[in-house]
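The residues making up each chain are set out below.
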Amino acid sequence: MTRLKFNRALCAVMLAGFTLAQAADRIVVIGHANVRKLDQATLQRIFTGKTIEVDGVRVQPVNAAPGTAVRQRFLSQYLQTDEDQYVGYWTVRRYVGKGTPPPEVKQGAEMVDMVGKTPGAIGYIDEADLQPGMNVLLRK
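First, a word on scope: everything that follows refers to the structure included in this document. No experiment lies behind these values; they were computed from the predicted model shown.

Criteria and thresholds
Residues numbered from 1 in each chain as written. Predicted model: local features only at pLDDT ≥ 70, side-chain atom pairs only at ≥ 80, totals over all residues. Heavy atoms only, no water. Helix = DSSP H or I, 4+ residues; strand = E, 2+ residues; numbered from the N terminus. Buried < 20%, exposed > 50% of the residue type's maximum accessible area, 1.4 Å probe, protein only. Contact = heavy atoms within 4.5 Å. Polar contact = N/O pair within 3.5 Å; in protein donor to acceptor, adjacent residues only side chain to side chain. Pairing = 2+ DSSP bridges. Expected span 1.5 Å × (residues − 1). Arc of directions from axis to C-beta. Core = buried A, V, L, I, M, F, W, Y, C linked by side-chain atoms within 4.5 Å.

**Quick notes on the overall build of the protein chain**
- Check the secondary structure of the protein chain and you find 5 helices and 8 strands.
- Each helix and strand of the protein chain, placed in order from N terminus to C terminus, yields the pattern α-β-α-β-β-β-β-α-α-β-α-β-β.
- Out of the 140 residues belonging to the protein chain, those deemed buried represent 36%.
- Here the contacts in the protein chain between residues at least 6 apart in sequence split such that 72% fall between residues at least 24 apart.

**Focus on the side chain of Asn63**
- Within the secondary structure, Asn63 sits in strand S5 (residues 63-64).
- A polar side-chain atom of Asn63 sits 3.2 Å from a polar atom in the side chain of Tyr86.
- Every residue in contact with Asn63, bar those within four places of it in the chain, is listed here: Phe47, Arg71, Phe74, Tyr86, Pro102, Pro103, Glu104, Val105, Met111 and Tyr124.

**Quick notes on the pairing of strand S7 (residues 121-126)**
- S7 sits mainly inside the fold: 5 of its 6 residues count as buried.
- Two elements, strand S1 (residues 27-31) and S7, share 5 bridges in a ladder whose sense is antiparallel. Pairing of Val28 across the sheet is with Ile125, part of S7.
- As judged from the 2 bridges shared by strand S4 (residues 60-61) and S7, these two strands associate in the parallel manner.

**Some points on helix H4 (residues 83-95)**
- If you check H4, its first and last C-alpha atoms are 18 Å apart, about what 13 residues at 1.5 Å a residue would give, namely 18 Å.
- For H4, the complete set of buried residues consists of Glu83, Tyr86, Trp90 and Arg93. Buried residues of H4 fall within an arc of 105° about the axis and therefore sit on the same side. Facing away from the buried side of H4 by over 90 degrees, the exposed positions are Asp84, Val92 and Tyr95.
- Of the surrounding elements, those touching the buried residues of H4 are helix H2 (40-47), S5 and helix H3 (69-78).
- For H4, the side-chain oxygen to backbone nitrogen distance between the N-cap and Asp84 is 3.2 Å, and the N-cap itself is Asp82.
- Gly97 occupies a position one or two residues after H4 and carries a positive phi of about 80°.

**Concerning the nonpolar core**
- If you look at the biggest cluster of nonpolar residues, it comprises 32 residues, and the most contacted ones within it are Val29, Leu43, Phe47, Phe74 and Ile122.
- Taken together, the elements giving at least two residues each to this core come down to S1, H2, H3, H4, helix H5 (108-117), S7 and strand S8 (135-139).
- Once residues within four sequence positions are removed from consideration, Leu43 is found in contact with Val29, Leu38, Phe74, Tyr78, Leu79, Ile122 and Leu138.

Below is the structure:
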């Protein structure tokens, strides 16, 4: 192998690794088959309890467990908040009688299962866990 071919191959491997690392950091919002694509503003309203219905479909947000990397990235990328602010928001909202926080699941497989089986459910997973046939509602 010539030096030029070796350098090109090395660059290709490095770029592929960078792309995979980026994909591992991405969060994909998934939904039950009866939920349509969403924009970020609607997603924010859903996960803060301000919107409970979209196009006639009652929606049910589902969160990953507190402290998990996927939840932290979701809160940061999609809701522009962090764990403490989000928990505080829901603490106040519950105290004044304006709702309860979304149910939580412990791992990605549970999220996929719950969203797939629950009409109106909306959740999020690592892009690396995305499987063919999943209803992707929003991707950043």
